[in-house]
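# Coordinate inspection notes
What follows is each chain in one-letter form.
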Amino acid sequence: MVQRAAAVRSGPPLRATVGDALKIVIVGGFGAGKTTLVGAVSEIPPLSTEEIMTTAGVGIDDPAAVADKNTTTVAFDFGRITLNDRQVLYLFGAPGQQRFWFLWDQLFGGSLGAVVLVDTRRIADSWYAIDRLEHHGMPFIVAVNRFDGPRPPLARVRQALDLSPRIPLIECDARARRSAKHVLIDLVAHLTDLHSAERTP
Amino acid sequence: MNTRQVGGEDPDRLYIVTGGRLVARAAAHQDALRRDGAPNPRDAVLDLVTLVVGVGVPPPGLPTEHAAILRLCSDGPLSLAELSSYLALPVTVVKLLLRDLLAVGRIAVRPPVSAPAPDRLPDLETLKQVLVGLQNL
């Protein structure tokens, strides 16, 4: 949890020369391992922030409305990776459920792409997120977070997700830095491939 | 992932830090404060990853939350999302405070210049830089 009153930063400060921030969104249901994955690669301990929404699930842009008892906040986690002297990458963990999709513009607007993190024990949690990402034309890959227990083959997971063969489906261990790093690298590789596909229709 | 009522432990805090302002009134307030030559705070792109840099030392008499922003940004740029987290204030509220500080020229913002435009892929040079950065992790 964030500290309430101290307002002190944790982790190393960004270099003064950094001026170009990028973002990638990790979408997943409750307990799919979003924060774990972010924490595995982030240079700062994952932070949590919040945005105001109405209980009807609509975002608001007027702070005066917070006095209204029909508002709640929705919390989301994020981390940070300094890429070079000029660029920093932020990773946001986004809840996949329908009622939180009002965060779309804030989280996905201007993001490079998305990773859908799947817990195979709760496949259905991912359907809505995949549907929305496809609808918005947001490029993404799907990563199955391998927990202990049964490991259904990827072909079966793809079938259960009704996932297009064009979307990469990979396995990962969200706890392991190396594995989490490769999830992000695979997303960037997919984005690069989409460029080539655009040039050779 | 969780939701809770706003201000569960500090019910009046959001009202106090924003002065209970409606957005329209906040804009008028910022116009009144605005220094000659300062950019119009309403023109600033305030994305979750817009980076904020403090300009100068916090002047005496600055409201607590505004001073906290300047203090947090004093030893390097900080994103709007990080400010929101450290201040434990919703993103919308932090945006309003940042526009106050822009109006009086106390902060500069660095918008996400390499972010892809809507419905466009990120450019290849950006993807290359991200790939190299990730491989160096």
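Structure first, text after, so check above.
Residues numbered from 1 in each chain as written. Chains lettered and ligands numbered in written order. Predicted model: local features only at pLDDT ≥ 70, side-chain atom pairs only at ≥ 80, totals over all residues.

Let us look at the interface of chain A and chain B. At the junction of the two partners, chain A supplies 56 residues and chain B supplies 54 residues. Of all the secondary structure elements, the ones that give two or more residues to the side of chain A that touches chain B are β1 (20–28), β2 (47–54), β3 (71–82), β4 (87–95) and α5 (177–199) of chain A. A class-by-class count of the residues in the side of chain A that touches chain B yields 32 nonpolar, 13 polar and eleven charged. (Contact = placed C-beta atoms within 7 Å. Helix = DSSP H or I, 4+ residues; strand = E, 2+ residues; numbered from the N terminus. Nonpolar A, V, L, I, M, F, W, Y, C, P; charged D, E, K, R; others polar.)

Backbone geometry at Asp162(A) places phi at a positive 55 degrees, although glycine is not the residue there. By secondary structure assignment, the location of Asp162(A) is in the loop between α4 (154–161) and β7 (169–172). Taking the C-beta count within 10 Å as the criterion, Asp162(A) has 9 such neighbours and is therefore assigned exposed. Here Ala88(B), not a glycine, exhibits a phi torsion of approximately 55 degrees, which is positive. For Ala88(B), the location among the structural elements is in the loop between α4 (80–87) and α5 (91–103). (Buried ≥ 20, exposed ≤ 12 C-beta atoms within 10 Å, placed from the backbone.)

So, on to α4(B). Two residues of an α-helix separated by three or four positions point the same way, owing to the 3.6 residues in each turn. All names here are of chain B. With eight of its eight residues buried, α4 lies for the most part within the structure. Looking at α4, one finds that the buried residues are Leu80, Ala81, Glu82, Leu83, Ser84, Ser85, Tyr86 and Leu87. One or two positions beyond α4, positive phi appears at alanine 88, with a value near 55 degrees.

Coordinates in, geometry out; function isn't part of it.
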